[in-house]
Amino acid sequence: GFYGADCSLVARAREEEVERPRPLIYIYELPTEYNTGMLEQRIKKVKCVVRYYDDKNWTRWENNLYGAELVVYEQLMRSKHRTTNAERADLFFVPFFASCFISRFLGPTARHRLDKQHMTIPKVVEEYKRLIQFLKTNYPYWDRHQGKDHVWMMFHDEGGCFAPKEMWPSIMITHWGRRTPAVSPNSTHTFQPHCFNPNRVFSEKERMETIGDHACYDPNKDVVVPSWRAPQTIAHSPHILANLKPDQARAKDVSDFPLDHPSNKSILFFFKGDIRMDVPEHSMGIRQQVEALFRGREKEGLVVGKHSPDYNKELAQSKFCGVFPGNGWSGRMEDSILHGCIPVIVQDDIDVPLETLLNIGEFAIRYPRAKLDQLAEYLQSIPENEVVRMQRNIQLVWPRYYYVSYIQMEVDWRKQRNLPPIPLLDAIVQQAGKREDAIDSLLIELWNRKRNRVTSLYG
């Protein structure tokens, strides 16, 4: 019979020896308490998922902050890169929904083996160590290379900052590209007492014994990927077909797509979001500094402040958009690119999504925090032809910052069942065309990491 998390595995059947694209990825079958069991136990249908079915069996999309956890897992499960023969595998994927596991402590839940008052890094680290022991006990693959060919999802706020020492050699898929340890100088997290700064819950001796002094992210082995955005959040994107005229929709070449000329964008610089003026560690103080510098300067085209109902529309109306940390990572790189706004990255020593794959200088600006007080003048000095060039490049790369193939799955499903199309979903798929998306980019990066580590693994 069939078995496995997706009921796609066949007992005692050998995988066909067909040619598959590399890397070949083996996905562990774990106890359900680490993944699907958490989804079964959720009280609210929107928790820990990116889509669910309403009372009429229609798909509803949820803008889950940590939604990439589910999307990456589902897409790898159905990918041509998946192998069910572990002996052929290049990489071993560990499907632990760690972000869902953590976030369940912050709200009501039907059942959890750890109670809320114990939600500290030691308990989270215990879960990782417990799972590593499970892998070592039940499979032979971890010990072959000390976990270096294993892949984990670390999508919670500060990613790999609190990964135990045994897990650090593995490849981590994350949103948080901080190249320094979270204890140097501080965590960016503000939630108390559920804070993920190991410096606050471990003694120095305990921290060194359990976590060590590793960075939160190593660009030589880890991958920073885009966060999830529900389709409705990009309905105002200039990239999307729903906003184009019929004759423009037939454009064959990216350079033919309509482009808002810089002079048509009313906002020079835009940032809106959570700004905690009374909490200096939040965003490393960067958002607070921007608020103090640019507040009240709307006449100069500088728009900063808290979230607004028109957030996505304002993004699309802006030439440049701020990319700063939040409580750990922030999805502002994705928001900017998906709305045709040139990202202005102010986070020293912190990689943004796909920075190790793409030349982000072609469509984004890295700006040093030390010169933040000069940012407005710098942006005003950039020639219009340079702004147009960078906007054109954003049009080329935007599918890499969106999980288009996940939307394609829903579009195909509707076609197979002769259901009426959803224009927004069709628009996303049509405008992305055959270009590589976020999942394609992740697979390229994983293969690059595998090849770069061949000597250390097999030499």
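Computed from a prediction, not measured in an experiment: that's the story for all the values here.

A. Quick look at the overall build of the protein chain. Counting secondary structure elements, the protein chain contains 17 helices and 16 strands. Expressed as a percentage of its 459 residues, the buried residues of the protein chain come to 56%. The contacts in the protein chain between residues at least 6 apart in sequence include a share of 72% that link residues at least 24 apart. Per element, the accessible surface of the protein chain, about 20400 Å² overall, is 49% carbon and sulfur.

B. The arrangement of the sheet that holds strand 13 (residues 318-323) in detail. Spatially, 12-11-13-14-16 is the arrangement adopted by the five strands of the open sheet, whose pairing is parallel. Each end of this open sheet is capped by a strand with a single partner; those strands are strand 12 (302-305) and strand 16 (365-366). Where strand 14 (residues 342-345) meets strand 16, two bridges bridge the pair, whose relative direction is parallel. Residue pairing across strands places Val344 opposite Ile365, the latter belonging to strand 16. In this fold helix 9 (residues 286-294) packs onto strand 11 (267-272) and strand 12, with an angle of close to 130° to the strand it touches most, strand 12. Set on the sheet, helix 13 (residues 384-397) makes contact with strand 13, strand 14 and strand 16; between it and strand 14 the angle comes to about 100°.

C. Up close: the pattern of salt bridges. Here the structure, examined in full by the defined rule, presents 20 salt bridges. In this structure, the salt-bridge partner of Glu74 is Arg51, at a minimum N-O distance of 2.9 Å. Note that Glu74 is positioned in helix 2 (residues 68-77) and Arg51 in strand 4 (residues 51-53), a separation of 23 residues in sequence. For Glu74, a relative accessible area of 25% gives the class partly exposed. Measuring nitrogen to oxygen at the nearest pair gives 3.2 Å for the salt bridge that ties Lys272 to Glu314.

D. Examining the side chain of Asp437 more closely. Structurally, Asp437 can be placed in the loop between helix 15 (423-432) and helix 16 (438-452). When residues no more than four places from it in sequence are discounted, the contact partners of Asp437 are Pro399, Arg400, Tyr402, Tyr403, Val404 and Ser405.

E. Spotlight on the sheet that holds strand 7 (residues 150-154). As summarised here, the arrangement of the five strands in space is 3-6-7-8-10, forming an open sheet in which the pairing is parallel. Only two strands of the sheet have a single neighbouring strand rather than two, namely strand 3 (25-27) and strand 10 (223-224). Examined bridge by bridge, strand 8 (residues 171-174) and strand 10 share two bridges and lie parallel to one another. Looking across to strand 10, one finds that Thr174 is bridged to Val224. Contacting strand 3, strand 6 (91-94), strand 7 and strand 8, helix 2 crosses the sheet at an angle of about 115° to strand 3.

F. Structural detail: the confidence of the model for the protein chain. Averaged over all residues, the pLDDT of the protein chain is 85; the fraction at 70 or higher stands at 82%. Predicted confidence for residues 242-258 stays below pLDDT 50, and this span has 20 contacts to residues more than four positions away or in other chains. This stretch, residues 455-459, has a pLDDT under 50; its non-local contacts, to residues over four places away or in other chains, come to eight contacts.

G. Here's a closer look at the packing of helix 14 (residues 404-416) against helix 15. At a minimum axis distance of 9 Å, the contact between helix 14 and helix 15 shows a crossing angle of 125°. Classified by the angle their axes make, helix 14 and helix 15 are oblique. Like other packed secondary-structure pairs, helix 14 and helix 15 cross with a definite hand, here left-handed. Of the residues in helix 15, those touching helix 14 at Val404, Ile407, Gln408, Glu410 and Val411 are Leu425, Asp426, Ile428, Val429 and Ala432. Along the lines of polarity and charge, the residues of the contact of helix 14 with helix 15 split into seven nonpolar, one polar and two charged.

H. Inspection of the state of the cysteines at higher detail. With the rule as written, the count across this model stands at three disulfides. Linked covalently through their sulfurs, Cys48 and Cys100 form a disulfide whose S-S length is 2.1 Å. The sign of the S-S torsion, about 95°, decides the handedness of the disulfide formed by Cys48 and Cys100: right-handed. Here the residue Cys48 occupies a position in the loop between helix 1 (36-40) and strand 4, and Cys100 occupies one in helix 3 (residues 98-103), the gap between them amounting to 52 residues. Under the relative-accessibility criterion, Cys48 is labelled buried at 11%.

Calculation notes
- Residues numbered from 1 in each chain as written.
- Predicted model: local features only at pLDDT ≥ 70, side-chain atom pairs only at ≥ 80, totals over all residues.
- Heavy atoms only, no water.
- Helix = DSSP H or I, 4+ residues; strand = E, 2+ residues; numbered from the N terminus.
- Buried < 20%, exposed > 50% of the residue type's maximum accessible area, 1.4 Å probe, protein only.
- Contact = heavy atoms within 4.5 Å.
- Areas by Shrake-Rupley, 256 points an atom, 1.4 Å probe, with all protein chains shown as cover.
- Pairing = 2+ DSSP bridges.
- Axes fitted to C-alpha atoms, helices over the stretch in contact; angles between N-to-C directions.
- Salt bridge = Lys/Arg side-chain N within 4 Å of Asp/Glu carboxyl O.
- pLDDT = per-residue confidence, 0-100.
- Parallel < 35°, antiparallel > 145°, perpendicular 65-115°, else oblique.
- Left-handed = near helix turned anticlockwise from the far one by under 90°.
- Nonpolar A, V, L, I, M, F, W, Y, C, P; charged D, E, K, R; others polar.
- Disulfide = S-S within 2.5 Å.

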